Structure formats: C-alpha cells, structure tokens
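Reading the structure
Each chain, written out:
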Amino acid sequence: MASKKKDTAQIISLDAFGSAKNYWLCWIQSSLPHLGFANSVQKRLKHPFSYIGSILLDDIHPDLSFPMYFSTFNQDFDVNLVILANHVTAPMDLSLGQQNPLLGGLLFEDDYYLFNNQGLTKINFSFPQADYLLLLSADKEVDINDFVDLIPQIPSIRILCQDTPQNIAKGQKKSKQVLDFLQYLFYESEAAVKDYRRRKLFRKLHNKMSVAESNYERLRFPVENNRMITSALLRREDV
C-alpha cells in the first residue's frame, strides 16, 4: 500500500507583492539582545517600539519563534518599521541532528537562523551571521527613502545588505525561494501589527468594540450588537 504523501507548508508567491505598498529591508549585525536592541533603536529614532509577537517556523520545529518589535512613523500612510530577530537558540533535538554532535548540541547551544550561509538555517543566504532584519513598509505615495536614511543613525550596528525584497532576491542563488519567504515575513509582520493595534484599541475601550441597540432611539433598522466601532477618531493618541 502506497504511503500517504506528507503535507508540507507552501508559500504562494503573488505577482501583486509590492504593487500596493513600498517594501525595503536590511540585515544588521549587533551584539545586543533583541529587547536591548529594540530599546537602542527606540532611543535613537525617538519612536516607541512595541513587542508584537513572533514569526513561527512550525514546519521546522514547534518551538522555533523569532521575536518582533515595531514602531509607526506615520499611521495615516501606514509607515511601519519592524525589528525581527534573525536567529534564536535551536531546540536540542535540532542540534542533535548535526553531522557531528560533539561540535553542536551535546556541548554547545546552536542557533537557528532565518537567513545564513551555513549551519541550521531556513534560507541559505550570501550574507552570514546577521542578528536582525529591519522591515520597512509604507503606502505607495510615500517616499520611503526619507525613512531609510534614518537607519544608519542607529548606534553600534553593521549593515550587511539593504534593498527592496525583489532586488535582494535577485542576488541569491534560489531567488524565488528567497522572495517567497521575504513576502511571507512582510505579510506576517503586517498582520501582527494590525492585531496588536486592534488589541490595544480594545483595551482602550474597556473591551467594548460595539454599541448595543438598546443605546439608540427611534432606529429605522436594527443594529447588530457585535458591530465594531470604526471611527478614525479612535486612532488618535490623545483620545
């Protein structure tokens, strides 16, 4: 009896990627841990950064999660900067899978990378040993270079490479695989930002995102109790 083919996670590349928004990213080396690095960027750029969750690699291991932080330069034009850790400590069973365990999991903790040119890594990449990725996105009408120019102001970093996702992918051996994964990172981080904002607004409104029908008078049509408030005034920081 033929064995059933195991389902594998696939990332679908969309031709529309980058058509509605501008995307830019860079790989950075820094000796600071991710919380300290986010705090350093926050102080230099004078924009608050918030932890928004992690990128998960469930297809590799259920315990692989790469923390993310974000800040908004301009919410009206959706200009966001995300800090993403490029490596985390690998689970022991992944380390034990190395060809020579005496140089890996048995004596030392290994790191698992999103992008690297050797060892445990998701994507083979020509620029090794990066500690962080910075993912910058904005609406098409925004000149993203105004914000790109802020990155070199971050103290004690070394920028390994920087460009648009498409241009970065062109310089790699498996360009489609690289671009697909970069698309995944941008879309996942954008979803995490939206979810963080929704939860923050939910707390601000004391866990009430709707107005019950009993609060209205002389209604022409019924109002759903779970209808969400969508007023743009809710985005104001001074409200």
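Residues numbered from 1 in each chain as written. Predicted model: local features only at pLDDT ≥ 70, side-chain atom pairs only at ≥ 80, totals over all residues. Heavy atoms only, no water.

Looking at unusual backbone geometry
The condition that has to hold: A helix here means a DSSP run of H or I that spans at least four residues, while a strand means a run of E at least two residues long, and both kinds are numbered starting from the N terminus. When accessible area is computed with a 1.4 Å probe and restricted to protein chains, residues below 20% of their type maximum are described as buried, those above 50% as exposed, and intermediate ones as partly exposed.
Phi is positive for Asp78, close to 55 degrees, though the residue is something other than glycine. Tracing the chain through its elements places Asp78 in the loop between strand 3 (65–74) and strand 4 (79–85). Judged by relative accessible area, Asp78 falls into the buried class, the value being 17%. Of note in this structure, Gln129 is not a glycine but carries a positive phi near 60 degrees. Here Gln129 shows up in the loop between strand 7 (121–124) and strand 8 (132–139).

Quick look at the packing of aromatic side chains
Quick note on the threshold: Geometry of aromatic contacts follows a simple scheme: Phe, Tyr and Trp rings, the Trp one being its six-membered ring, pair when their centres are within 6.5 Å, and the pair is stacked under 30 degrees between planes, edge-to-face over 60, tilted otherwise.
The final tally for this structure, using the stated rule, is 11 aromatic pairs. Aromatic pair Tyr23 and Phe186: ring centres 4.6 Å apart, planes at 50 degrees, arrangement tilted. Note that Tyr23 is positioned in strand 1 (residues 21–29) and Phe186 in helix 5 (residues 175–204), a separation of 163 residues in sequence. Assigned by exposure class, Tyr23 and Phe186 land together as buried. Judged by centre distance (4.3 Å) and plane angle (5 degrees), the ring pair of Phe37 and Tyr132 falls under stacked. Here Tyr132 lies in strand 8 and Phe37 lies in helix 1 (residues 34–45), a separation of 95 residues in the sequence. Across the pair, exposure class does not vary: Phe37 and Tyr132 are buried alike. Members of the aromatic cluster, joined through ring pairs, are Trp27, Phe115, Phe125, Phe127, Phe181 and Tyr184.

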